[in-house]
Amino acid sequence: MRIATGRASDQGQLRANNEDAFLIDDDHSLYAVADGMGGHRGGEVASRTAIEALRAAFASNRDLEPAIELANTAVRTRAAGDPNLEGMGTTVTALTVSGPHELLIGHVGDSRAYLLHDGELSRLTEDHSLVEELMRDGRLTPEQAEAHPQRAIVTRALGVDDDVDVALYRVPVETGDRVMLSSDGLSDMLRDREIESIARNEPDPQRAAEALVHAANAAGGHDNITVVIVEVLAVDNEPGDAAIAGEPAPDGEAEPEPDAAPEQPQRARRTRLRTLSGAILVLLPVLLIVGIAVGVIGWYARKSYFVGQQNNEVVIYQGVPGGVLGWDPTIEQRTGIKVADLPQLSQEHVQTNSTRGSLATAQEYVARLQNETTTTSTSTTTTTRPRTSTTRPRTTTTRKGP
Ligand code: MG
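For clarity, every value in this text was computed on a predicted model and none was experimentally measured.

Reading the values: the criteria
Residues numbered from 1 in each chain as written. Predicted model: local features only at pLDDT ≥ 70, side-chain atom pairs only at ≥ 80, totals over all residues. Heavy atoms only, no water. Donors = N, O, S within 2.8 Å, 3.2 Å for Na, K, Ca; no water. Helix = DSSP H or I, 4+ residues; strand = E, 2+ residues; numbered from the N terminus. Buried < 20%, exposed > 50% of the residue type's maximum accessible area, 1.4 Å probe, protein only. Polar contact = N/O pair within 3.5 Å; in protein donor to acceptor, adjacent residues only side chain to side chain. Contact = heavy atoms within 4.5 Å. Phe/Tyr/Trp six-rings, centres within 6.5 Å; stacked < 30°, edge-to-face > 60°. Pairing = 2+ DSSP bridges. Axes fitted to C-alpha atoms, helices over the stretch in contact; angles between N-to-C directions.

Our focus in this paragraph is the coordination of the magnesium ion. In this structure, Asp35 (OD), Asp184 (OD) and Asp223 (OD) serve as the protein donors to the magnesium ion, at separations of 2.1 to 2.2 Å. Sequence spacing among the residues donating to the magnesium ion works out to D-x148-D-x38-D. Highlighted residues: Asp184 in helix H5 (residues 184–187) and Asp223 in the loop between helix H7 (205–218) and strand E12 (225–234), separated in sequence by 39 residues. When its relative accessible area of 7% is taken as the criterion, Asp184 is described as buried.

Our next topic: the side chain of Arg178. When you line up the elements, Arg178 lands in strand E11 (residues 178–182). Polar side-chain contacts of Arg178 include one of 2.7 Å to the backbone oxygen of Ala199. Sequence-distant contacts of Arg178, defined by excluding residues within four places in its chain, comprise Tyr114, Leu115, Leu116, Ala199, Glu202, Pro203, Asp204, Pro205, Ala208, Ile229, Val230 and Glu231.

Before going further, it helps to examine the packing of aromatic side chains. Per the stated rule, a full pass over the model turns up 1 aromatic pair. Here the aromatic rings of Phe306 and Tyr317 are separated by 5.0 Å at their centres, their planes lie at 15°, and the arrangement is stacked. Remark: Tyr317 occurs in strand E14 (residues 313–318) and Phe306 occurs in strand E13 (residues 305–310); sequence separation between them is 11 residues. Just as Phe306 is buried, Tyr317 falls in that class too.

So, on to the sheet that holds strand E7 (residues 112–117). Strands in a sheet are paired, the pairing made by backbone hydrogen bonds, and the direction either parallel or antiparallel. Strand order in this open sheet of 5 strands is E1-E12-E11-E7-E8, and the pairing throughout is antiparallel. Both edges of this open sheet fall to strand E1 (2–10) and strand E8 (120–123), since each of them pairs with a single strand only. Recorded for the sheet is a direction-independent mean angle of 20° between the axes of neighbouring strands. Inspection of the sheet shows E7 paired to E11 by 5 bridges, in the antiparallel sense. Among the inter-strand pairings, Ala113 is bridged to a residue of E11, identified as Leu181.

The following block contains the structure:
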């Protein structure tokens, strides 16, 4: 198979660093995107460690699934004993050539693979995220999912556990097809239709990757954005294949009886996947209930803001006064206003944290306080940084940045 590639990665408009990583390894026909998560430099280290381990495993002739399992081990080993890296994890979506006209995708987390075929985009991977699992269960509509505050919770990632459940997808391809790997910084900013239109209208894969990242940035760039495009320039011909060149291999048609002999590795693997998904079906409701409870409490604790004070300065806190179940309020914004400069009534208001609500409500109240101050010299300096996952509590699921 002859392949052309394009790649682009950007930290976006809000993040201080780029925790995404990607791989283009033409020698081994291996392509991947990883989106790291974790405090300090954890996210960056996790995604790069996974990508490097994946590359090394492939270079020593491992298949895709065991290579991803080795990448999982590598992330865990790297984090062990380093408090700065504890709890780090990463998604990975990797692609390789598995037949004359077939690609194989291995996938963990909420990065994505899309196929562009005849100008039409389809998504190849399922997100391993709480929101998408709720949606698949029919408990959220796609519209609700899009605005859901817990979008960032992934239910599978490398680095979380000794075992990792890799989703595998076999993708028959034809000449001219494009497979695009991307981090959620692309799919959270652009609708599938916009991705389709950009990918279809830009014939050069490199320029297409750049245009997609540019569009996600223009739409707000809330997260790191990474796109890898693998374009099939020509599929290989198999012996006896000439008459149907371009047709996908009839993978599912010539299958033996359902009770396949053990020498049918593909079927064995599928049966194993089916057993695994059976176990997941049993466990999922329990995990979902726990996840929803944790999510709702976290959402309640983090959705609200209040105006309080710290060291005689008026500050806006995010959270609930006193905290809820380990979610302690954090300072969202300092104001430079001295509590002592305020009229008595306002001082009491601030000291009892009595102004609560949205960030806008809190900021309006602060603006009023500003006018009440007896001095005019103080100016308000606000720094609203994107929240990182450093202060987030660990739960049974793994949480990425906002
Ligand atoms: Mg991301």
